[in-house]
Structure formats: C-alpha cells, structure tokens
Amino acid sequence: MNALRKHVVVAIWLVALLAGGPAAGATTDSSVPPPHASVPLYLALGDSLAAGVGASDPEETAYVPVFHDYLRQSVGCDRGMTKVCPELGLLNLGVSGATTTTMLRDQLPVALQVLGERNGDDDARNDVERITVDIGGNDAFALYGVCSAGVNAGCVGAVQTTFAAVAQNRTTALANLRGVAGADTQIIVMTYYNALIGCDRSAAAPMADALLEGGAGLPAGLNDLIRASAAQAGAAVAETYGQLGTEDLVGGSDCLHPVDSGYRIIADAFAATWEAGRDRSSASGG
C-alpha cells in the first residue's frame with residue numbers, strides 16, 4: 001500500500017477513535033493495524049520539517065520516514081529487545097507552519113489520545129515506543145524582522161517575550177507526553193540548524209546564529225531552550241546546529257527547509273542520539 005493511502009487510512013481510524021466509534025462510511029483495510037493492534041508505533045510531532053517540506057518526496061526522503069526506516073531495520077521492538085522491527089508503525093502529526101502554540105492546540109491532544117490508548121492498556125506490544133519532536137523554529141523565525149536592525153531594546157524585548165512562551169509551551173508539551181507515555185518510551189527532540197546561510201537572507205545569518213545559540217547581546221538562544229526543556233522531561237536531544245551546509249538547503253527565497261541530503265543529516269542525528277542512549281543503557285546494565 002502506498003504511503004499516502006496509508007496515512008489516509010490512519011487518519012480515518014484516528015477520527016473514529018476520537019469520535020468514540022467507527023467513521024461513517026469508512027472502509028476497513030486489513031493491512032493497516034487498528035488502534036489496538038499488537039504493533040508498536042513511532043509517533044512524530046512537529047512543524048514543516050516533520051511534514052517534509054523541501055524533500056523530493058515527503059513520504060520517503062524527509063527525516064521522519066528516513067528515521068522510521070532506520071528504526072524498522074536497525075532497532076528491535078519491545079524497546080530494542082529484539083534485533084529488528086519491520087512491523088513498527090508510523091503516525092506523523094507534523095504540520096507545516098506549526099508553532100509551539102499550535103502544536104499544543106492541534107497535535108498534542110491527538111498524540112495524548114493515541115498514547116493513552118496504546119501505552120495505557122495491557123498489551124505492551126502495541127505501545128508507542130518512540131516519539132520525536134521538532135518545534136519552535138517558526139516561533140524564532142518570526143523574530144528575524146524585529147531583530148534585523150541588530151540587538152537593540154526592541155529586539156531583546158521581543159526575544160524575551162517569545163522565548164518565554166516557547167519555553168513554557170515546550171515544557172508543557174514534553175511533560176504531558178512523558179506523563180502519558182511513561183518512563184520507558186524514548187522521546188527525542190531536535191535543535192535547529194541555521195538555514196539562512198544558504199538563502200537570499202544570508203546577510204542575516206549571524207543574527208540567526210544568535211537567536212539559535214545566544215550571543216551578540218542575547219543571553220540564550222532557541223536551542224538552549226530546547227535542551228533545557230528536554231532535560232526536564234528526560235528526553236534526548238538530536239543536535240543539528242552546524243551540521244547542514246548550503247548544499248543541504250533549498251535556498252533562494254526559502255530560508256527554512258532542507259533538501260533530501262539535509263533531511264538525511266537530520267535523520268542521522270536522530271539515529272546517533274538513539275544509539276548513544278542505547279550505549280548508555282547497556283553500560284549501566286539497563
């Protein structure tokens with residue numbers, strides 16, 4: 001079954017689940033597991049990066065499907081106890097243009113519903129075993145305009161206000177995900193790279209660096225908030241800052257998105273973070 005059809009069918013059963021019964025007129029496809037099937041799940045939340053904008057095929061070459069393929073081929077089900085997990089499902093809730101506020105409103109309730117149904121029942125085989133989150137980039141990108149003249153009082157005030165909201169929203173989202181998913185479910189979040197280096201606004205790339213990592217009069221950057229909220233929730237961090245070059249970006253008027261090679265780098269960062277977590281668990285006897 002092609003990826004688009006699969007996502008449509010998954011959407012149908014989600015609507016049915018949230019409505020408390022089967023969707024009117026919906027057809028059943030036995031190749032797609034129902035909500036309570038004994039098949040583990042990878043759950044992705046995020047913005048246009050999770051949605052795959054800029055990829056040649058968002059269903060195949062963006063970081064979420066690439067990381068999903070890695071998990072299916074290299075990581076076992078039952079949280080890694082077996083060698084491979086070809087049956088690992090995927091539910092990608094990422095939406096282009098999402099901010100931390102809209103993720104709380106639109107994506108988090110669906111994610112918590114799915115987590116509650118799967119991780120709260122008596123079947124460990126159908127759990128959501130891995131969650132990835134990328135969010136906050138659009139919140140920060142909105143600051144480039146007000147900070148384009150430099151780090152003045154207006155810029156600092158806008159950054160402080162925006163970043164306070166981002167920190168609160170991220171903390172709330174990750175705390176809720178952790179609370180419903182449980183301590184054994186791996187959550188990985190990602191830091192952001194500087195996409196301005198390869199677009200028409202490359203002259204503003206130093207300001208983007210400051211917004212992401214602090215400096216130039218700003219005490220902290222978006223990525224610092226991401227790392228702090230992850231630590232509070234016991235989530236791991238896939239570091240992508242500084243990893244993508246101009247050749248890995250769409251460029252031109254697009255100052256946000258990677259091409260396939262950039263998405264591969266992001267997926268590799270998630271995979272490396274998972275591997276590091278497994279190595280630490282093995283070393284500690286977990």
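Keep in mind the model is a prediction, meaning the values are calculated, not measured.

What counts as what
- Residues numbered from 1 in each chain as written.
- Predicted model: local features only at pLDDT ≥ 70, side-chain atom pairs only at ≥ 80, totals over all residues.
- Heavy atoms only, no water.
- Disulfide = S-S within 2.5 Å.
- Helix = DSSP H or I, 4+ residues; strand = E, 2+ residues; numbered from the N terminus.
- Buried < 20%, exposed > 50% of the residue type's maximum accessible area, 1.4 Å probe, protein only.
- Phe/Tyr/Trp six-rings, centres within 6.5 Å; stacked < 30°, edge-to-face > 60°.
- Contact = heavy atoms within 4.5 Å.
- Axes fitted to C-alpha atoms, helices over the stretch in contact; angles between N-to-C directions.
- Parallel < 35°, antiparallel > 145°, perpendicular 65-115°, else oblique.
- Nonpolar A, V, L, I, M, F, W, Y, C, P; charged D, E, K, R; others polar.

Explanation requested: the state of the cysteines in the structure shown.
Where two cysteines share a covalent bond between their sulfur atoms, that bond is called a disulfide. Taken as a whole and assessed by the stated rule, the structure comprises two disulfides. A sulfur-sulfur distance of 2.1 Å marks the disulfide that ties C199 to C255. Linking C199 and C255, the disulfide has an S-S dihedral of approximately 100 degrees and is accordingly described as right-handed. Of the two residues, C199 sits in the loop between β4 (186–190) and α8 (205–213) while C255 sits in strand β7 (residues 254–258), which places them 56 residues apart along the sequence. Both residues of the pair, C199 and C255, count as buried.

Please explain the packing of aromatic side chains as it appears in this structure.
We describe a pair of aromatic rings using the distance from one ring centre to the other and the angle between the two ring planes. A complete count under the given rule lists five aromatic pairs for this structure. Here the aromatic rings of F67 and F270 are separated by 5.6 Å at their centres, their planes lie at 40 degrees, and the arrangement is tilted. One end of the pair, F67, is in helix α3 (residues 63–74); the other, F270, is in helix α10 (residues 260–283), with 203 residues separating them in the sequence. Owing to a relative accessible area of 1%, F67 belongs among the buried residues under this scheme. What makes F270 buried here is its relative accessible area of 0%. With a centroid separation of 4.8 Å and 80 degrees between ring planes, the pair formed by F141 and Y144 is classed as edge-to-face. The class for F141 is partly exposed, based on a relative accessible area of 23%. Pairwise contacts between aromatic rings join Y42, Y63, F67, Y70 and F270 into one cluster.

I tried to follow the environment of L41 on my own but got confused; where do I start?
Mapping L41 onto the fold places it in strand β1 (residues 41–46). In sequence terms L41 and L115 are 74 residues apart; their C-alpha atoms lie 9.6 Å from each other. Dropping the residues within four chain positions of it, L41 is found in contact with L88, G89, L90, L91, V114, R118, D127, V128, E129 and R130.

Looking at this model, I keep getting lost on the packing of helix α5 (residues 100–119) against helix α7 (residues 153–181). Mind explaining?
When two helices pack together, their arrangement is given by the angle between the helix axes and by the axis-to-axis distance. With their axes 9 Å apart at the nearest point, α5 and α7 run at an angle of 5 degrees to one another. Classed by the angle they form, the pair α5 and α7 counts as roughly parallel. Of the residues in α7, those touching α5 at T100, T101, M103, L104, L108, A111, L112, L115, G116 and N119 are V166, N169, R170, T172, A173, N176, L177, V180 and A181. Partitioning the contact of α5 with α7 into residue classes produces 11 nonpolar, seven polar and one charged.

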